[in-house]
Each structure stands twice: as structure tokens, then as C-alpha cells.
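Spelled out from the first residue to the last, the chains are:
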Amino acid sequence: MLWKIVLVLGILGVLLGLAVTGVSIALPLVTDGRTSWEEAMLGIIPGALVLFISFVMSVVGLIFVLMNRKKG
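Counting of residues starts from 1 at the beginning of each chain's written sequence and follows it residue by residue. At least 70 in pLDDT is required for a residue's local features to be given in this predicted model, at least 80 for side-chain atom pairs to be given and counted, and no such filter applies to totals for whole chains, interfaces and linings, which use all residues. Based on all heavy atoms of the structure, the side-chain values leave hydrogens and waters out of the count.

**Student:** Let's hear about a nonpolar patch on the surface: which residues, and what values?
**Tutor:** Without a salt bridge and with relative accessible area above 30%, a residue can belong to a patch; like charges are then joined within 9 Å and nonpolar side chains (Val, Leu, Ile, Met, Phe, Trp, Tyr) within 5 Å. For accessible areas, the Shrake-Rupley method is used with a probe of radius 1.4 Å. Any residue's cover is judged against the shown protein chains and nothing else. By definition, a salt bridge exists where a carboxyl oxygen of Asp or Glu is found within 4 Å of a side-chain nitrogen of Lys or Arg. Taken together, the side chains of Leu-49, Phe-52, Ile-53, Phe-55, Val-56, Val-59, Val-60, Ile-63 and Met-67 present a nonpolar region at the surface, about 810 Å² in accessible area. Helix numbering and strand numbering both begin at the N terminus, where a helix is a DSSP run of H or I of at least 4 residues and a strand a DSSP run of E of at least 2. When you line up the elements, Met-67 lands in helix H2 (residues 37–71).

And the structure:
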């Protein structure tokens with residue numbers, strides 16, 4: 001049961017990381033330069049970090065869910 005929670009939290013974190021990173025990357029392009037890339041980096045770096053950690057979390061959760069399914 002714990003690994004299913006880890007898997008779900010990992011997937012939600014991946015979605016959050018993708019959203020934050022995508023919006024932060026799009027800001028300088030959409031605002032025609034009113035937002036600089038340095039300002040956008042304040043969202044890109046944490047978003048990418050959350051994306052990476054959540055991806056690892058979801059892969060580990062998926063592995064353990066699949067391992068427990070084969071045992072039972």
C-alpha cells in the first residue's frame with residue numbers, strides 16, 4: 001500500500017514539475033522579453049529539480065508495486 005502512495009505522489013510530482021518548468025520556459029517567449037531568462041530561471045531550476053526527484057520516486061514506486069504484484 002505504501003508503494004502505491006509513493007507511485008501516485010511521484011506521478012503528481014512529475015506533472016507539477018512539468019507544469020512549473022513549462023510555464024517558466026514559456027514566460028520569456030510569451031511576454032516578448034519583459035521577463036528575462038534570469039528571472040525565468042527562478043522557476044525553471046526548482047521545476048526541473050521537482051521533476052527529476054518525482055520521476056525517480058515514481059519509477060521506484062512502480063518497481064516495488066510490480067514486485068509486490070508478482071509475489072501475491
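Next comes the rest of the account.
**Student:** Can you tell me about helix H1 (residues 2–30), naming the residues and giving the values?
**Tutor:** In an α-helix, one turn spans 3.6 residues; hence positions three or four apart end up facing the same way. Between its terminal C-alpha atoms H1 stretches 41 Å, which fits the 42 Å expected from 29 residues at 1.5 Å a residue. Relative accessibility thresholds used throughout: buried, under 20% of the residue-type maximum; exposed, over 50%; partly exposed, between the two (1.4 Å probe, protein chains only). By the burial criterion, the buried members of H1 are Val-6, Leu-7, Gly-10, Gly-13, Val-14, Gly-17, Thr-21, Ser-24 and Pro-28. Looking at the buried side of H1, the elements it contacts are H2. Asp-32 lies just past H1 and shows a positive phi near 55 degrees. Expected helix span is computed as 1.5 Å times (number of residues minus one). Any two residues having at least one pair of non-hydrogen atoms within 4.5 Å are treated as being in contact.

**Student:** Please give an account of the environment of Gly-61 that cites residues and values.
**Tutor:** Checked against the element boundaries, Gly-61 lands in helix H2. Judged by its relative accessible area of 0%, Gly-61 is buried. Along the chain, Gly-61 and Ile-25 lie 36 residues apart, while their C-alpha atoms are 29 Å from each other. Contacts of Gly-61, omitting those with residues within four sequence positions, involve Trp-3, Val-6 and Leu-7.

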